Amino acid sequence: MTAEPRARVPRRPVHGVLLLDKPVGLSAQTAVSRAKGMLAAEKAGHTGTLDPLASGLLPVCFGAATKFAQLQLDADKAYEATLRLGVRTTTGDAEGDVVAVAPVDAVMLAPERLRALAQRFTGEIEQIPPMHSALKKDGKALYEYARAGIEVERAPRRVTIHALTLEPVADDPAALRLTVRCSKGTYVRTLAEDIGAALGCGAHLLSLRRTATGGLSLDDAITLDALQALPPEERQRHLLPTEALLRGLPTVALGERDAGRFLSGLRRRGPWPDAALVAVFGERPRALLGTARCVAGELIPVRLLSPTEIAQSLQPSFP
């Protein structure tokens, strides 16, 4: 007997940000696809990938929020990681083959040495991107070269480590716990390898969990399983408004007349101080209109929502 085809769930406009706690073993894109299906959303994307090996905060943008995803791509990130000391691998993480093993002694993990090491890696540092990464050279991802057994030259990149702590793991003398807040483009896997090299024993990344990006925190995130367990109308309530992606930006409020002209792409004049980027809102009703630059008293549109997106964002998605 032929099985009946599954009914296609109609998609609908959904706008906002879902803070997802991605599990280990799932790609970021697969996680986004599942969340998109659970909300029956027309459009969704993420704000910076997480490897399948990593877990933690993955902001998923729906509808109008996808226009501002780049702001989170450029934002500082925070991670918690565990390093396996004394073992180096081909990939710098637990998925690679072991290439070197060295002894680990208690002297390496003395508190004063770990504090000095954390200080050494804090601030602006140089990293050589790992071969097993999505960074491209001559139009091809580095991991494609790595899988073919080819190592290509990579230029060092400057990144900033804003804060770093290193602590021994109480029940594992060959492990180190790392917490870090860093700039975009930082490879925690490379940081783990460089710390292992500085200790003299080598290391690789055993686990990685992202805890924050920009002004968004894992504390407010939900897992896919928890989201799936909710009735459809309850899932929508876990969405943050699109302006959550703009936290920390100065704000400008426009009256009805100026708001309409701003949405048409016209510059407005006002008593606004210069700013590289501001979040612009309409006053009645209060609604996000987009982002702009302020230069010499002029408000210059950068990224605008459409009137339809604004209207839909102000309406509940479930009757």
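Small disclaimer: the values here were computed from a predicted structure and weren't measured. (Residues numbered from 1 in each chain as written. Predicted model: local features only at pLDDT ≥ 70, side-chain atom pairs only at ≥ 80, totals over all residues. Heavy atoms only, no water.)

Student: Can you tell me about the environment of Arg147, naming the residues and giving the values?
Tutor: For Arg147, the location among the structural elements is in helix 4 (residues 142–147). Arg147 sits in the exposed class, given a relative accessible area of 68%. Counting along the chain gives 143 residues from Arg147 to Gly290, while the straight-line C-alpha distance between them is 42 Å. (Helix = DSSP H or I, 4+ residues; strand = E, 2+ residues; numbered from the N terminus. Buried < 20%, exposed > 50% of the residue type's maximum accessible area, 1.4 Å probe, protein only.)

Student: Tell me what's going on with the pattern of salt bridges, and back it up with residues and numbers.
Tutor: All chains considered together, the criterion is met by twelve salt bridges. A salt bridge links Arg84 to Asp172; its shortest N-O distance comes to 3.0 Å. Here Asp172 lies in strand 11 (residues 172–182) and Arg84 lies in strand 4 (residues 77–85), a separation of 88 residues in the sequence. A salt bridge links Arg237 to Glu234; the nearest nitrogen and oxygen atoms lie 2.8 Å apart. Relative accessible area serves as the criterion here: at 63%, Arg237 is assigned to the exposed category. (Salt bridge = Lys/Arg side-chain N within 4 Å of Asp/Glu carboxyl O.)

Student: Can you break down unusual backbone geometry residue by residue, with the values?
Tutor: The omega torsion of the bond from Arg284 to Pro285 falls at -5 degrees, within 30 degrees of zero and hence cis. Mapped onto the fold, Pro285 is located in the loop between strand 17 (275–282) and strand 18 (287–295). At Ala40, a position not held by glycine, the phi torsion is positive, near 50 degrees. Looking at the element boundaries, Ala40 is found in the loop between helix 1 (28–38) and strand 2 (44–46). Residue classification places Ala40 among the buried positions, given a relative accessible area of 10%.

Student: Describe the pairing of strand 4, listing the residues and the values that go with them.
Tutor: When you tally the buried positions in strand 4, you get eight out of nine residues, the bulk of the element. The pairing of strand 4 with strand 11 spans eight bridges and is classified as antiparallel. Looking across to strand 11, one finds that Leu83 is bridged to Leu176. Of the strand pairs in this sheet, strand 4 and strand 12 (residues 203–213) are connected by nine bridges, and their pairing is antiparallel. Residue pairing across strands places Glu80 opposite Arg209, the latter belonging to strand 12. (Pairing = 2+ DSSP bridges.)

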